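Spelled out from the first residue to the last, the chains are:
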Amino acid sequence: MCGADSSTPLVYTEDLLFPSDERFHLVSCERCGHIYQNPRPTPAAIGHYYPENYHPFLIAVEDEPSPLRRIDRAFGLHMRTSAVHKAAGGRPGRLLDVGCATGVFLDGMRKLGWQVQGVEPSAYAASYGRRRFGLDVFEGLLEDAQLPPASFDAITMWDVLEHVHEPQPVLAELARLLRPGGVLVLSLPNPDSLEARLLDQYWLGWDLPRHLNLFRPAQLRASLDRHNMPVERIRSFTAGHAVMVMSLERRLRAAGYGPTLPRLLNTLPVRLLSRLYYSGPANWFNLSSIMVVFARHRAGASAG
C-alpha cells in the first residue's frame, strides 16, 4: 500500500476454515502499519482455497431448510439492503455488487427497486446467481469487466476488499465507476476490533489464506480519501456474533475443549442478548469483528 517492503511478523496459523498441514503468515508493514499476507498464494493458485462449500456461497434465503436459519438470514439481509438503500437517500438507482457470490444481496436490492449488476470470480457462485435469480453477473475480476465510467449510484463490496491481491487499482476502478455523489459500502474485517485483540491467532477475521490484506480503520479512511471517496461513517452491525462464535470454537478446540460452549452461544436466548450488544455498543463504537464503511464519491472530483 505504501511501497515499503520491511515488515514485522504478526500471525502464523493454519487455515481456520479448512484445516490442513499448510501454515500462512500475516505481517505488518513497518512504515504504514498495513497488514498483509506474505508470502501469499498467486492469483492463479488462490482459487484452490475457495471450495463450493465456502461459507459466503449461500443458497437463496427462501431455500434454507432450517426455519430458524431462514429467519436469521432474512434479518441479516434486510439489515444490509436497508442500510444501503438508506445511505443512497432512499431512491433506487443502479447498483453494482463486487464479489456478489451467489447473488442473494443483489436479489434483495432488486426487490427494493434497484437495477442491479454483479461481478463474481467464482464460476460456481456466478452460475448460481444467474440460474437461481436471473441476475446479470460478470464472471471474473472487476478490472476485467470493462464497465462504463460513472455508471453506478451505489457500489457494494461485502467482505471482498480483503481478498484482492492489489487493493489500490481496485479502489481506483471503484472511483471510476461511481457517479459523483454515489455511495460506496464496504464490509471487511477490523483488525483493531476488541475480538481480534482478545482471540489473537484464532480470530476468524484473519481467515488465512483467503484474506490477503487487512485494513485498519484509520488507514482505510486515508486510502479512500486519496481515491476521492471520503468515509462518512463506519459501523459494525453485521456478522459479529457468527465470527465471534466461530473464533471462540477454534480457540477452545485448540485448548482441548469440546463444542458445548459454542453450541450454548448459538441458542436463541444468547443470540438475542448478543443482538443487543452488536446493535448497540459494538455498532456505535466499531468494536466488532466486521466493520461496514460508508463512503461517498466526492462531487466534482475526477474519477479514478
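Just above, that's the structure.
All chains use their own residue numbering, which begins from 1 and follows the written sequence. Predicted model: local features are reported for residues with pLDDT of at least 70 only, side-chain atom pairs are reported and counted for 80 or more only, and whole-chain, interface and lining totals are derived from all residues. Computation of side-chain values covers all heavy atoms of the structure but excludes hydrogens and water.

**Student:** Pulling in residues and values, what's your account of the overall build of the protein chain?
**Tutor:** Check the secondary structure of the protein chain and you find ten helices and eleven strands. Taken over the C-alpha trace, the protein chain has a radius of gyration of 19 Å; the compact-globule value for 304 residues is 19 Å, and the two agree within 12%. When its C-alpha atoms are laid out on the principal axes, the protein chain stretches across 55 × 50 × 40 Å. Each residue is assigned to one of three classes by its accessible area relative to the maximum for its type, calculated with a 1.4 Å probe on protein chains only: buried under 20%, partly exposed between the two thresholds, exposed over 50%. Looking at the protein chain residue by residue over its 304 residues, the buried ones come to 51%. Residue contacts follow a heavy-atom distance rule, with two residues in contact if any of their heavy atoms lie within 4.5 Å. Considering only contacts within the protein chain whose residues lie at least 6 apart along the sequence, 70% involve residues at least 24 apart. Each accessible area is a Shrake-Rupley estimate made with a 1.4 Å probe; only the visible protein chains count as cover when residues are assessed. A total accessible area of about 14100 Å² is found for the protein chain, and carbon and sulfur atoms account for 57% of it. Charge separation in the protein chain, taken as the distance between the mean sites of 32 positive and 30 negative side-chain charges, equals 7 Å. Numbered from the N terminus, helices here are DSSP runs of H or I no shorter than four residues, and strands are runs of E no shorter than two. Atoms counted for the radius of gyration: C-alpha only. Globule rule: 2.2 Å times residue count to the power 0.38. Here Asp and Glu are counted as negative and Lys and Arg as positive; His is not counted, and neither are the chain ends. Positions of charges follow a simple convention, taking NZ of Lys, CZ of Arg, CG of Asp or CD of Glu.

**Student:** An account of the side chain of asparagine 213 is requested, with residue identities and associated values reported.
**Tutor:** Turning to its location among the elements, asparagine 213 is positioned in strand 9 (residues 213–214). Judged by relative accessible area, asparagine 213 falls into the buried class, the value being 4%. Contacts described as polar in this section are N or O atom pairs within 3.5 Å, which, within protein, must combine one atom able to donate a hydrogen with one able to accept it, while residues neighboring in sequence count only if both atoms come from side chains. From its side chain, asparagine 213 meets the backbone oxygen of valine 164 in a polar contact 2.9 Å long. For asparagine 213, the residues in contact, after removing those within four places along its chain, are His34, Ile35, Tyr36, Arg40, Glu162, Val164, His165 and Pro167.

**Student:** Give me the sheet that holds strand 8 (residues 178–189): which residues, what numbers.
**Tutor:** Read from one edge of the open sheet, seven strands run 6-5-4-7-8-11-10, paired in mixed fashion. Every interior strand has two partners, whereas the edge strands, strand 6 (137–139) and strand 10 (231–235), have only one. Averaged over all pairs of adjacent strands, the angle between their axes in this sheet comes to 15°, without regard to strand direction. The pairing criterion for strands is at least two bridges between them, as found by DSSP. With three bridges connecting them, strand 4 (residues 94–98) and strand 7 (residues 152–158) associate as parallel partners. Opposite leucine 96, over in strand 7, you have isoleucine 155 as the bridge partner. Axes, fitted as lines to C-alpha atoms, cover a helix only where it is in contact. Angles between the N-to-C directions of the axes lie from 0 to 180 degrees. Each of strand 8, strand 10 and strand 11 (290–296) is contacted by helix 6 (residues 217–226), which is oriented at about 25° to strand 11, the strand it contacts most.

**Student:** Could you give an account of the side chain of glutamate 173, with specific residues and numbers?
**Tutor:** With respect to the helices and strands, glutamate 173 occurs in helix 4 (residues 167–177). Polar contacts involving the side chain of glutamate 173 include one to the side chain of arginine 176, which spans 2.8 Å.

**Student:** Give me the pattern of salt bridges: which residues, what numbers.
**Tutor:** Whenever a carboxyl oxygen of Asp or Glu lies within 4 Å of a side-chain nitrogen of Lys or Arg, that contact is scored as a salt bridge. The final tally for this structure, using the stated rule, is 19 salt bridges. With a closest N to O distance of 2.9 Å, aspartate 107 and arginine 110 form a salt bridge. Of this pair, aspartate 107 and arginine 110 both sit in helix 2 (residues 104–111), separated by three residues, roughly a single helical turn. Residue class for aspartate 107 comes out buried when judged on its relative accessible area of 10%. Classification of arginine 110 by relative accessible area gives partly exposed; the value is 32%.

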